[in-house]
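# Coordinate analysis (summary)
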Amino acid sequence: MIVDELNSQPELPDPLIFALDFDSAAEADKLVDALGDAGGFYKVGMELFAAAGPDYVRSLTGRGKRVFLDMKYYDIGETVRRAVAVAAKSGATFLTVHAVGQVMRAAIEGRGDSPMKLLAVTVLTSLDDNDLHDMGHSCTVSELVAKRVAQARDLGIEGIVASPLEARSIRQIAGPGAVLVTPGVRSRGASQGDQKRVATPADAIRDGASYLVIGRQVTRAADPVAAVAAIRDELSGILCTR
Ligand code: C5P
C-alpha cells in the first residue's frame, strides 16, 4: 500500500479496552486517573456494576471515556428488553447479551434507536464439549459458536465477544463489518494468571479482532502507563495494514 493511500484512510479506532475489574468506584478511578489520556475505553463488568452501578458508568462517559458494559444479559424477553432500554440511557458504547435468539431479539427491541451497540456472547469460554452435553446440547462448542454467530449476524446484532483463538473463524462468519471483541490476550512474557487459552495482542488483531479487552496485564501493573505503551508499541505497524 502506498503512503498516500495510508494517509487518506479514516483514522482507525483505538482498539484497547481496559477491564475495570475492581470492587469499588474508588479503586477503578485510581486506574482511570493513572492512565489519563492513555486509556479511552473501559469495560465495566458485573463486579464494578454491582458496587457502583450506572452512576459510575455515567461518571466515566462524563469524563469523555467510552464504556463497554459487560452485563451478559440472559433472561426472559420482557426483562431483557426493559433492562437494555435502561442500559442504553447510561451512555455505554457496547453492551453484552447472550447469543440466544429470544434474548437477542428482545435486546434489539430494548435498544431502540440508541447508538449503543449490542455484542453477543456465544458460548462462555469456561464451557467445553462435556459441559454442553450436560446442558442437553448434542453439538460441539465450535459448532454451537458458529451457529450462534450466524444467528446474531442475521438478527442484526453488531458484534461478538470471542476468544482470540476463535477470532479468525468468527470473523469469516460475522463478516467484515462486525465488531469483534477479544479478551484473553497477553503479550509474550506477561503472566497469564488463570487464563489458559491466550493470544498476543498482535495475533488477535491480525486474526480479525476489532478491540482487545486488556485486564491484569495493565490493571495490576506496577506502571500501568508503561504497560499500555508497550502494548501499543507491539501493535504499531499492524493497525494500519489490517
Ligand atoms: O485480567 P485479564 O486480562 O485476564 O481480564 C480479562 C477480562 O476479560 C476480565 O474482565 C474477564 O472477565 C473478561 N473475560 C475473559 N474471558 C472471557 C470473557 C471475558 O477473560 N472468555
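Every value quoted in this text rests on a predicted model; they were computed, and no experiment measured them.

## Regarding the nonpolar core
Within the largest apolar cluster, 62 residues are counted, with the highest numbers of intra-cluster contacts made by Leu-20, Val-84, Leu-95 and Leu-212. Looking at which element gives the most residues to this core, the answer is helix H7 (residues 141-155), with five residues. Not counting residues up to four positions away in its chain, the partners in contact with Val-84 are Tyr-73, Leu-95, Val-97, Ala-107, Gly-110, Arg-111, Met-116 and Leu-118. Within the second largest apolar cluster, twelve residues are counted, among which are Ala-19, Val-179, Val-181 and Val-213.

## Regarding the packing of helix H2 (residues 25-35) against helix H3 (residues 46-62)
Where H2 contacts H3, the axes come no closer than 9 Å and their chain directions differ by 45 degrees. Relative to H3, the element H2 lies oblique. On H3, the residues touching Ala-25, Ala-28, Asp-29 and Val-32 of H2 are Leu-48, Ala-52, Tyr-56 and Leu-60. For the contact of H2 with H3, a count of residues per class yields seven nonpolar, no polar and one charged.

## Quick notes on the packing of aromatic side chains
Tallying each qualifying case throughout the model produces five aromatic pairs. On the basis of an interplanar angle of 80 degrees and a centroid distance of 5.6 Å, the ring pair of Phe-41 and Tyr-211 is categorised as edge-to-face. You can see Phe-41 sitting in strand E2 (residues 41-44) and its partner Tyr-211 sitting in strand E8 (residues 211-214), a full 170 residues away along the chain. On the basis of relative accessible area, Phe-41 is assigned to the buried category, the value being 1%. For the ring pair Phe-94 and Tyr-211, a centre distance of 5.4 Å and an interplane angle of 80 degrees mean the geometry is edge-to-face. With Phe-94 in strand E4 (residues 94-98) and Tyr-211 in strand E8, the pair connects residues that are 117 residues apart, well separated along the chain. Under the relative-accessibility criterion, Tyr-211 is labelled buried at 8%. Among the aromatic side chains, those forming a connected cluster through ring pairs are Phe-41, Phe-68, Phe-94 and Tyr-211.

About the criteria used
- Residues numbered from 1 in each chain as written.
- Predicted model: local features only at pLDDT ≥ 70, side-chain atom pairs only at ≥ 80, totals over all residues.
- Heavy atoms only, no water.
- Core = buried A, V, L, I, M, F, W, Y, C linked by side-chain atoms within 4.5 Å.
- Buried < 20%, exposed > 50% of the residue type's maximum accessible area, 1.4 Å probe, protein only.
- Helix = DSSP H or I, 4+ residues; strand = E, 2+ residues; numbered from the N terminus.
- Contact = heavy atoms within 4.5 Å.
- Axes fitted to C-alpha atoms, helices over the stretch in contact; angles between N-to-C directions.
- Parallel < 35°, antiparallel > 145°, perpendicular 65-115°, else oblique.
- Nonpolar A, V, L, I, M, F, W, Y, C, P; charged D, E, K, R; others polar.
- Phe/Tyr/Trp six-rings, centres within 6.5 Å; stacked < 30°, edge-to-face > 60°.

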